[in-house]
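# Examining the three-dimensional arrangement
Here are the chains, one letter per residue:
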Amino acid sequence: MHLIIGFLGSVVTVLWLLHRLAEMGIDLAGLNPWLWRRRRNFRHQHQANPIFAIDSPLEATALLATAVAKAEGDMTGAEKQAVLKAFEHEFSLSERDASALLTSSVHLLGNGHDLRTALDKVLKLSIEQFSQVQAESALQLLTRIADADGARSAGQNELITQVESAFARKLAPVKKWD
């Protein structure tokens, strides 16, 4: 009988200590490796930079066009008008929708560091969605925007070259038996 009372006393003591630890903010459930992995994956998915989750060719092209316009700092008035007109013409958007797309692209781009340093990662989800015609059109659009304010800057040339190399497989001639 004294063994049962001792065992029950130990169980109650452990449960009371776990309750007190939980009140202090120490949760032993955090030691569960599966829960930790699930929380880590959720955190990486929802707290990552949203430009790495773009999977639409239209949104990716809009982001790239904005990056070309902002390659050397803020957009000039001529570059902004060129971008808006390009969005209206190329994407068949209204003036209001083109302005909203430009605003969201500027917000997503931020200072552009992530796009310049990890362009392949930015285009990872969307590059397979591009058709050959869309890839050619995107490169032409980027070239027009870079030429809108006169001579291209070194940053614009570098970004356009990176995009060309990323699209190289899409722009390669299609072989009949490959």
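Our subject is the structure listed above.
Here goes a summary of the coordinates provided. (Residues numbered from 1 in each chain as written. Predicted model: local features only at pLDDT ≥ 70, side-chain atom pairs only at ≥ 80, totals over all residues. Heavy atoms only, no water.)

With that settled, the discussion passes to the pattern of salt bridges. Enumeration according to the criterion identifies three salt bridges in this entry. Notably, a salt bridge pairs Glu 90 with Arg 144, separated by 2.8 Å at the nearest N-O pair. Of the two residues, Glu 90 sits in helix 4 (residues 77-90) while Arg 144 sits in helix 8 (residues 132-147), which places them 54 residues apart along the sequence. Since its relative accessible area comes to 28%, Glu 90 is described here as partly exposed. What makes Arg 144 partly exposed here is its relative accessible area of 41%. The salt bridge partner of Asp 147 is Arg 152, with a shortest N-O separation of 3.0 Å. Overall, Asp 147 belongs to the partly exposed group, its relative accessible area being 40%. (Salt bridge = Lys/Arg side-chain N within 4 Å of Asp/Glu carboxyl O. Helix = DSSP H or I, 4+ residues; strand = E, 2+ residues; numbered from the N terminus. Buried < 20%, exposed > 50% of the residue type's maximum accessible area, 1.4 Å probe, protein only.)

Another aspect to go through is the nonpolar core. The biggest cluster of nonpolar side chains holds 39 residues, and the ones touching the most others in it are Phe 87, Leu 115, Ile 145 and Phe 167. When contributions to this core are tallied by element, the ones reaching two or more residues are helix 3 (57-69), helix 4, helix 5 (95-109), helix 7 (119-123), helix 8 and helix 9 (154-166). Considering each element in turn, this core owes the most residues, eight residues, to helix 3. In this structure Ile 145 touches Ala 65, Val 68, Ala 69, Glu 79, Val 83 and Ala 86, once residues within four positions along its chain are discounted. (Core = buried A, V, L, I, M, F, W, Y, C linked by side-chain atoms within 4.5 Å. Contact = heavy atoms within 4.5 Å.)

With that settled, the discussion passes to helix 2 (residues 33-46). The end-to-end C-alpha distance of helix 2 is 20 Å, a good match for the 20 Å that 14 residues give at a rise of 1.5 Å each. The element helix 2 is barely covered by neighbouring structure, given that only one of its 14 residues are classed as buried. Looking at where helix 2 begins, the residue whose side-chain oxygen comes 3.1 Å from the main-chain nitrogen of Trp 34 is Asn 32. (Expected span 1.5 Å × (residues − 1). Polar contact = N/O pair within 3.5 Å; in protein donor to acceptor, adjacent residues only side chain to side chain.)

Within the element layout of this structure, Glu 79 appears in helix 4. Buried charge without a partner: Glu 79 forms no salt bridge, and the closest opposite charge is Lys 70, 9.8 Å away. Side chain to side chain, Glu 79 and Gln 156 meet in a polar contact 3.3 Å long. Residues contacting Glu 79, with those up to four places away along its chain left out, are Ala 69, Asp 74, Ile 145, Asp 149 and Gln 156. (Lys, Arg positive; Asp, Glu negative; His and termini not counted.)

Tracing the sequence through the fold places Ser 126 in the loop between helix 7 and helix 8. Assessed through its relative accessible area of 0%, Ser 126 is described here as buried. If we ignore the near neighbours within four places in the chain, the residues touching Ser 126 are Ile 54, Asp 55, Ser 56 and Ala 60.

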